[in-house]
Amino acid sequence: MKEITRRQALSIGGSILAAAAIGVRPVFAANDSQDIIDKFTSGKTAKEGRITLELPQIAENGNTVPISFSIESPMTKADYVKRVVLVADANPRGGVATFNFTPASGVAEASTRMRLAQTQNVIAVAEMSDGSFYMAKRQVKVTIGGCGG
Amino acid sequence: MASVKPRVKVPASAKKGEVIEIKTLISHKMETGQRKDKKTGKPIPRRIINKFVATFNGETVFSMDLEPAVSANPYIKFNMRAEKSGEFEFTWVDDNGSSYKAKKKLAVN
């Protein structure tokens, strides 16, 4: 049994209104996640691959969902991962975090914990030192949403 | 928030060229700015750790920009290739302008 809380009802309503008002990307633009990605890549297309995104398939508690990623890269001065942006496409706001690596990092890996308001996709986009972009996407089913009041 | 306490786990020593793991945790509510006070109905202002920086011997090795979607008591794990002995300095920046610091030494042999 799942009840829709007032907050969720408002946010769903708000998203629909926003999508209707803007009239673009009605499919999954529940928030600004696509805008964040577009800004990050300066509009370039991110290829799928090179990123391993580790997330639970089902998160019982959306307040603290463990997330790890690793990216194939030699991490040398000539070839390394510069930045990784993490977004969630159905949180009140899309941004989660941006990770800035250096060749001294040794490996392009990091872990943290994030809030997920509801079942949604988590997307990681990486910028390589040669200016190319890679992405990975994983869906997480959320039983009890985070971000609630 | 009574006190904000950073905690860091770094190996005391490493072999030259070894990639070491650094784990950090800081006690912080990460107030999203989306919540309302249940009694007054007024929005609770956002107050989060918005930036984390790790330097080694003064050079940045890793940094992270955090949004309200990072969980309370932010946990961050990352790596560094150990090339020489030195000292880490970790800095967390709060929305309210304060910053919290921690230092750790690393011996490379």
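Summary of the structure given here. Owing to the predicted nature of the structure, the values given are computational and were not obtained by experimental measurement. (Residues numbered from 1 in each chain as written. Chains lettered and ligands numbered in written order. Predicted model: local features only at pLDDT ≥ 70, side-chain atom pairs only at ≥ 80, totals over all residues. Heavy atoms only, no water.)

Here the focus is the nonpolar core. Grouped together as the largest cluster of nonpolar side chains are 60 residues, with contacts concentrated most on F99 of chain A together with F52, F62 and F90 of chain B. Once residues within four sequence positions are removed from consideration, F99 of chain A is found in contact with F69, K82, R83, V84, L86, A110 and T112 of chain A together with F62, S63 and M64 of chain B. In terms of nonpolar packing, the next biggest core, distinct from the first, is built from nine residues, I37, F40, I123 and F133 of chain A among them. (Core = buried A, V, L, I, M, F, W, Y, C linked by side-chain atoms within 4.5 Å. Buried < 20%, exposed > 50% of the residue type's maximum accessible area, 1.4 Å probe, protein only. Contact = heavy atoms within 4.5 Å.)

With that settled, the discussion passes to the interface of chain B and chain A. At the junction of the two partners, chain B supplies 31 residues and chain A supplies 32 residues. Here chain B meets chain A over a buried area of about 2,400 Å², counting both sides, of which 45% is carbon and sulfur. Across the chain B-chain A interface, the total number found is one salt bridge. Two residues, E67 of chain B and R93 of chain A, come together in a salt bridge whose shortest N-O distance is 3.8 Å. (Buried area = accessible area lost by both parts, 1.4 Å probe. Salt bridge = Lys/Arg side-chain N within 4 Å of Asp/Glu carboxyl O.)

This part takes up the pairing of strand β5 (residues 59–66) of chain B. Across five bridges, the pairing between strand β6 (residues 95–101) of chain A and β5 of chain B is antiparallel. If you follow A97 of chain A over to β5 of chain B, its bridge partner there is L66 of chain B. Examined bridge by bridge, strand β4 (residues 49–56) of chain B and β5 of chain B share six bridges and lie antiparallel to one another. Bridge pairing in β5 of chain B links F52 of chain B to M64 of chain B. Counting the residues that bridge the hairpin from β4 of chain B to β5 of chain B gives two residues, and of these N57 of chain B lies at a positive phi of roughly 50°. (Pairing = 2+ DSSP bridges. Helix = DSSP H or I, 4+ residues; strand = E, 2+ residues; numbered from the N terminus.)

The next thing to look at is helix α2 (residues 33–41) of chain A. Note: α-helices contain 3.6 residues per turn, so residues at a spacing of three or four share the same orientation. Residues and elements named next belong to chain A. Buried within α2 are the following residues: S33, Q34, I37, F40 and T41. Angularly, the buried residues of α2 cover 125° about the axis, an arc narrow enough to put them on a single face. Considering only its buried residues, α2 is in contact with β5 (81–88), β6, β8 (120–128) and β9 (133–144). One or two steps after α2, the chain reaches S42, where phi turns positive at roughly 50°. (Arc of directions from axis to C-beta.)

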